There are 2 protein chains.
Amino acid sequence: MSATPTIAAADWGTTRLRVWLLDATGAVLDERRSDEGLLTAQHKGFANVLDRHLQDMGAGKDLPAIVCGMAGARQGWVEAPYVDVPASLSDILGAAVPVPGTDRDVRIVPGLAQRNPRTPDVMRGEETQLAGTAKLIGSGSHLVCMPGTHSKWVIAEGGAISGFGTWPTGEMFSVLSEHSILRHSIGDKPAVVSPDSQVFRDWCQEALFDGDIASRLFGIRASGLLSGLGQDDAAAALSGLLIGAEIASAVRRFGRRGSPVVLVVSGALGALYAEAMRLDGIAVTVADADEAVLAGLVAAARRNRMLAEGVAS
Amino acid sequence: MSATPTIAAADWGTTRLRVWLLDATGAVLDERRSDEGLLTAQHKGFANVLDRHLQDMGAGKDLPAIVCGMAGARQGWVEAPYVDVPASLSDILGAAVPVPGTDRDVRIVPGLAQRNPRTPDVMRGEETQLAGTAKLIGSGSHLVCMPGTHSKWVIAEGGAISGFGTWPTGEMFSVLSEHSILRHSIGDKPAVVSPDSQVFRDWCQEALFDGDIASRLFGIRASGLLSGLGQDDAAAALSGLLIGAEIASAVRRFGRRGSPVVLVVSGALGALYAEAMRLDGIAVTVADADEAVLAGLVAAARRNRMLAEGVAS
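Asks: So what about the packing of helix H10 (residues 231-253) of chain A against helix H11 (residues 268-279) of chain A? Which residues, and what values?
Replies: All names here are of chain A. One can describe the packing of H10 onto H11 by two numbers: an axis separation of 10 Å at closest approach and a directional angle of 60°. Between H10 and H11, the angle is such that the two are oblique. Classified by chirality, the crossing of H11 by H10 is right-handed. On the side of H10, the interface is formed by Ser239, Ile243, Glu246 and Ile247, while H11 contributes Leu272, Tyr273, Ala276 and Met277. The class makeup of the residues in the contact of H10 with H11 is six nonpolar, one polar and one charged.

Asks: Provide a residue-level description of the confidence of the model for chain A, including the pertinent values.
Replies: Mean pLDDT over chain A works out to 95, with 98% of the residues at or above the 70 mark. The complex model carries a pTM of 0.95, and its ipTM stands at 0.94.

Asks: Go over the sheet that holds strand S8 (residues 106-108) of chain B with me, naming the residues and quoting the values.
Replies: All names here are of chain B. Sheet architecture is open: six strands sit in the order S3-S2-S1-S4-S8-S7, paired in mixed fashion. The open sheet has two free edges, formed respectively by strand S3 (28-34) and strand S7 (97-98), since each of these has just one partner strand. Pairing of strand S1 (residues 7-12) with strand S4 (residues 65-69), which is carried by five bridges, proceeds in the parallel orientation. Bridged to alanine 9 within S4 is isoleucine 66. Running over the sheet, helix H2 (residues 46-56) touches S1, strand S2 (17-22), S3 and S4 and is turned about 45° from S2.

Asks: Could you give an account of the environment of valine 193 of chain B, with specific residues and numbers?
Replies: Residues and elements named next belong to chain B. With respect to the element layout, valine 193 can be found in the loop between helix H7 (183-186) and helix H8 (198-210). Classification of valine 193 as buried rests on a relative accessible area of 15%. Each C-alpha atom of the pair valine 193 and alanine 236 lies 5.3 Å from the other, and the pair is 43 residues apart in sequence. The residues contacting valine 193, other than those within four sequence positions of it, are Phe200, Ala235, Ala236, Ser239 and Leu272.

Asks: Would you mind going over the side chain of glutamate 127 of chain B in detail, with residue names and values included?
Replies: All names here are of chain B. Relative to the helices and strands, glutamate 127 is located in helix H4 (residues 126-131). Buried and unpaired, glutamate 127 has arginine 124 as its nearest opposite-charge partner, separated by 6.9 Å. Reaching out from glutamate 127, the side chain makes a polar contact with the side chain of threonine 128 at a distance of 2.9 Å.

Asks: Account for the packing of aromatic side chains, with residues named and values stated.
Replies: Considering all chains together, one arrives at 10 aromatic pairs over all chains under this definition. Ring-pair connections join several aromatic residues into one group, and the members of that group are Trp12, Phe46 and Trp77 of chain A. Here arginine 253 of chain B stacks its cationic end above the ring of phenylalanine 254 of chain B, 5.8 Å away from the centre of that ring.

The rules we used
Residues numbered from 1 in each chain as written. Chains lettered and ligands numbered in written order. Predicted model: local features only at pLDDT ≥ 70, side-chain atom pairs only at ≥ 80, totals over all residues. Heavy atoms only, no water. Axes fitted to C-alpha atoms, helices over the stretch in contact; angles between N-to-C directions. Helix = DSSP H or I, 4+ residues; strand = E, 2+ residues; numbered from the N terminus. Parallel < 35°, antiparallel > 145°, perpendicular 65-115°, else oblique. Left-handed = near helix turned anticlockwise from the far one by under 90°. Contact = heavy atoms within 4.5 Å. Nonpolar A, V, L, I, M, F, W, Y, C, P; charged D, E, K, R; others polar. pLDDT = per-residue confidence, 0-100. Pairing = 2+ DSSP bridges. Buried < 20%, exposed > 50% of the residue type's maximum accessible area, 1.4 Å probe, protein only. Lys, Arg positive; Asp, Glu negative; His and termini not counted. Salt bridge = Lys/Arg side-chain N within 4 Å of Asp/Glu carboxyl O. Polar contact = N/O pair within 3.5 Å; in protein donor to acceptor, adjacent residues only side chain to side chain. Phe/Tyr/Trp six-rings, centres within 6.5 Å; stacked < 30°, edge-to-face > 60°. Lys NZ or Arg CZ within 6 Å of the ring centre and 35° of its normal.

Written as C-alpha cells, this is what we have:
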C-alpha cells in the first residue's frame, strides 16, 4: 500500500461484503471480499467485521467509511430509512445515515421505497450502483436493468429515479431447479448456461413473446420425458425462460417495449441478459456492476463531504 | 361388506393411493386411502401394496383391478406408454396395459403425451378424471381445468382430447413459500387461504389482467416491509397471484378468454379457483375430482370388458 487512505467504502449485501480503501481522489488502494454479509455480521457485529478488514489492510481505527446495502436495513447495523421514489440520486446519497457510537465516521446510504399500493417495492444497494452510472443516466430518460438474485429495473429520468420493480429471477432459478420437479430434469450439478446455447435461445425467444413462465415450466420436464432433453439443456431452458419472461414483463410494466436498456451487471450473467436483449432487438449499453457500486460509493462520500468534490482520480 | 366385489379400482399417484372395491354395477362397496404412492410403492412393490389393501377389505387374490396414474409411468409398476393427443377418451381407456405375472388381472390406463415441440406435455391420471366427466364433456367443445400440484387444462372436443397444458401452480406455491425470500413473509404455519379474503381477491384480480407472476412476487415481501402485510395475508396474496396468473395464462394459451370452464376439483382448492373464475367473469361448471376419477376408472373397466357395459348402479 503506497498512498495514504482517505476513506473506506463497503458494499454490504445479504450474503457478501466488499471493502475498499480509497485515496483522496477516490482511487482504489486495496480491496477485500468476504462472505460476512448481513447474515454473518448480525452475529459477529458489524463494527467488528469492518474493523478487522480495515485493520488487515493497515488502515487506522479513525478512517471514515461510506457503506451501502443491507447494513442499512432494519435488521442491519443502523437502519437507514428508505427514501421514497421519485427521488434524485443526489438526494438519496445525501440522506446517508451516520452510525452512532463508533470511533470512526461511518455513514450508510439509504435504500429506496416505492409506496404505490399496486406496485410496492424496495431496494438496498442498487441505488448506489445506479448513482455510479450517472455518466450514463445523468440526463434524459433511461430504462436500467440490474440482473441478479432479485433483478431490479429502474426508470431514471434526469438524474432521478421515478419508479422501479423487482423480478426475483435468480431466486426462482435456484428454488425451482433445487426444490421443484425440475430438479429431476436439471440434476445436482451446478448449472453453467452459455448464451450460445440454442436451447437457451429458443426458450428465451418463446418467453420474450408474452412473459409467461407458468405455462412453460412443466414443458422442461415433459421435454426430458418425451425427447430426452439433457440436464445442461434443461438448465439452459429454465434460464432462458426466466430471463426472457423477466425482460418481456419489465418492458411491458414500464411501457418501454423496444426502448434501449442500460444493463448494469457483472460476470457470466451479463452475457445471458445481453443475448436475451439481442434476441428481442433491444439496444443495450452495458455498465460493470462492480465498478458501478464503487463509483456510487465514491459519489456518496463526495456528496456527504467525506471526500473532496472535484478531485478526479 | 354386504355385496360381492366384482372389481377393484385404484388411483395411484406420486404420493397417494386410493383403492375401491366395486360391485357389478360399479357401485362402491369399500374404500381405502393411503400414502403409499409411487415413491413408496417403488420400494414395497406395487403388487404387495395392492394385495395388502385388497386383503384388508376381504377381497380375493384373483379379483381384477383397473388402475390409473403414476403406476403406469416408466418408473412405476408396468409402463403404460403414453397415448398421443389428439385422442378419444374411449381409445385412451381402451389402451389399458395388462400387468404380466400377477395372479389377478390388473390393467393400467395409459397417460397422454402432447408431442408438439413448442408445448410438450404429459399427464397421468387426469385422463381418467376427464373420462369420468364424460356426461359434462361428452359432446361439444369444452375448456376443462383440473387444479392441483400440477394443474392441467384440457381442450375436450366431441369426447376427444385435442390439446392440454400444465401449470405447476400448487408446486410453485409450495417451493416459493418454503424456499424463497417469501418464507419470511409467509412463515412456517401451514397456509389456509379463504376465497373470502380481500387480499386473495386483490392479488388474483391483478394477475388475471395479464398473467404476470414474476413482476409481482417480490411485492408480497415489499408489502410486509412497507405496510405490515401479515403472514396469512401474504399466503393469500401468493395464492391469489398464482391462481389468477394460471387462469389468465391458460385462457390465453387456448384462445378461450371469456369461455365457460368445467372445473374438476375437490376440497378447499375448488373454492379458490371458483372465486378466481368468478372475478374473471368466467361461467363455471364444477365436477368433483374424487368422484370423477372413480367414474373414469369404472368407465375404463367397462371399456376393457372387466365390468359389463350398461349395468348402471
